[in-house]
Amino acid sequence: LFGLPDQAPHEQVLLAADPETGLRAILAVHSTARGPAFGGCRFWSYDNELAALNDALRLSQGMSLKNALANLPFGGGKAVIIKPAGDFDRPALFAAFGRAVQSLNGAYITAEDVGTTTADMKGMMATTQYVSGIPREGAFGGDPSPKTAFGVFVSIDEGVRRVMGRDSLEGVRVALQGLGAVGWHLAEYLHKAGAKLVVADVNAEKVSRAQAEFGATAVSVSDILGADVDVVAPCALGAVLNSTTIPALRARLIAGAANNQLATAADGDALQARGITYLPDYLVNAGGIISVAREFRGEGEETAVMNEVAQIRGRVSELLDRIKTSGQTPAREADAWARSLLVKPAKA
Ligand code: NAI
């Protein structure tokens, strides 16, 4: 629990329970070396509390790396709320979660993640000031997903140019696993750029819409990772790159929004051994945190935020340069690069 030997342990982890609303939440502050820990709040059904803790710890550590590589003046943290089994009052539950966030006095700042909405964040403003991702009248703010999608899009575009030697996405075949908030916006960007989409989602209606709107080819959820494509973009779940799926991959490039795509560090090596370039999730999916971080600092403006997200392209390019020199896999190189940045930035 206190971190692997080569990794900094978590600074603090709060277990928050409120019997009145049914709240059971874990707020994990991994690192505040660069500034307050910033990362979303997941609302999810877990098999048991240990699974929830494990998720919170893994995700918060990932946020430290993501925020450092994105050059944000924030550390890494994440929260998970265990979805109550029975009926519950959602606004009351999130208000109680907001009180838990507030009790950390700004060491942790929250925002949307899987299972939480802009309405949840807005409601929490009554109980904490440390919340972002809120639509604001006449000001920048709200759903970070389109920004995340844009960051993934520029990463795929750069990866295709560098790894496949193509000069555009025209005709490039991309498999999209998950057509949710990020996946759908990503599909729009890719379609506009001329890519050919192969899609899968557990929600059949989203798949039909993608067929109609983007001329996408539908495949089953069990076949999407092994589809005959150039690029796979995981935009649903974590740990999808593992010893079962990697041997079946046919793509040359993997770049998607889902957090923690590699089941284990060894899976990054297995991808490399198969000649598949994996662009680390926390490098390419930083668009959302860039957006909510700007919003939180009151500096948000659409064009400036999109320009900042577009800089992910340069970092993908730099990573591909670095691995040429170091001979490391992209996953291990990005890890080392991010860890070297877990210090207070010179200019906040
Ligand atoms: P979402 O919940 O809106 O979308 C997920 C989609 O995946 C849904 O359409 C769902 O039906 C589908 N899905 C679930 N299981 C599936 C399966 N086995 N096969 C295919 N599709 C499946 O979530 P969102 O916001 O789009 O996020 C997607 C991923 O990106 C998550 O892992 C999230 O942690 C990560 N992420 C999201 C960010 C954001 O700004 N929303 C920022 C950074 C990471």
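Parameters at a glance
- Residues numbered from 1 in each chain as written.
- Predicted model: local features only at pLDDT ≥ 70, side-chain atom pairs only at ≥ 80, totals over all residues.
- Heavy atoms only, no water.
- Salt bridge = Lys/Arg side-chain N within 4 Å of Asp/Glu carboxyl O.
- Helix = DSSP H or I, 4+ residues; strand = E, 2+ residues; numbered from the N terminus.
- Buried < 20%, exposed > 50% of the residue type's maximum accessible area, 1.4 Å probe, protein only.
- Near = heavy atom within 4 Å.
- Polar contact = N/O pair within 3.5 Å; in protein donor to acceptor, adjacent residues only side chain to side chain.
- Areas by Shrake-Rupley, 256 points an atom, 1.4 Å probe, with all protein chains shown as cover.
- Contact = heavy atoms within 4.5 Å.

Q: When you look at the pattern of salt bridges in this model, what are you seeing that I'm missing?
A: Side-chain pairs of opposite charge can arise whenever the charged atoms involved come near each other. Within the structure shown, the criterion is met by 20 salt bridges. We note a salt bridge from Asp55 to Arg42, for which the minimum N-O separation is 3.6 Å. Taken together, the residues Asp55 in helix H1 (residues 49-69) and Arg42 in strand S4 (residues 41-44) connect sequence positions 13 residues apart. We classify Asp55 as buried; its relative accessible area is 17%. A relative accessible area of 13% means that Arg42 is categorised as buried.

Q: Even after reading the chapter, I still don't get the site of the ligand, so can you show me in this structure?
A: Around the ligand, 25 residues are found, and the nearest of them are Thr148, Ala181, Val182, Asp201 and Lys206. Contact between the ligand and Ala236: an oxygen atom at 3.0 Å from a main-chain N or O atom of the residue. Within the contact set of the ligand, an oxygen atom lies 3.3 Å away from a backbone nitrogen or oxygen of Ala257. In isolation the ligand has 830 Å² of accessible area, and contact with the protein removes 81% of it. Going through the elements one at a time, helix H4 (145-164) and helix H5 (181-192) are the ones with two or more residues in the shell around the ligand.

Q: Sorry, what's going on with helix H9 (residues 287-296) here?
A: Helical geometry: 3.6 residues make up each α-helical turn, so side chains three or four residues apart lie on a common side. Counted residue by residue, H9 has 8 buried out of 10 residues, so it is predominantly covered. Taken as a whole, H9 has its buried residues at Gly287, Gly288, Ile289, Ile290, Ser291, Val292, Ala293 and Glu295. Contacts made by the buried residues of H9 are with strand S3 (37-38), H1, H4, helix H10 (302-310) and helix H11 (312-326). One or two positions beyond H9, positive phi appears at Gly298, with a value near 70 degrees.

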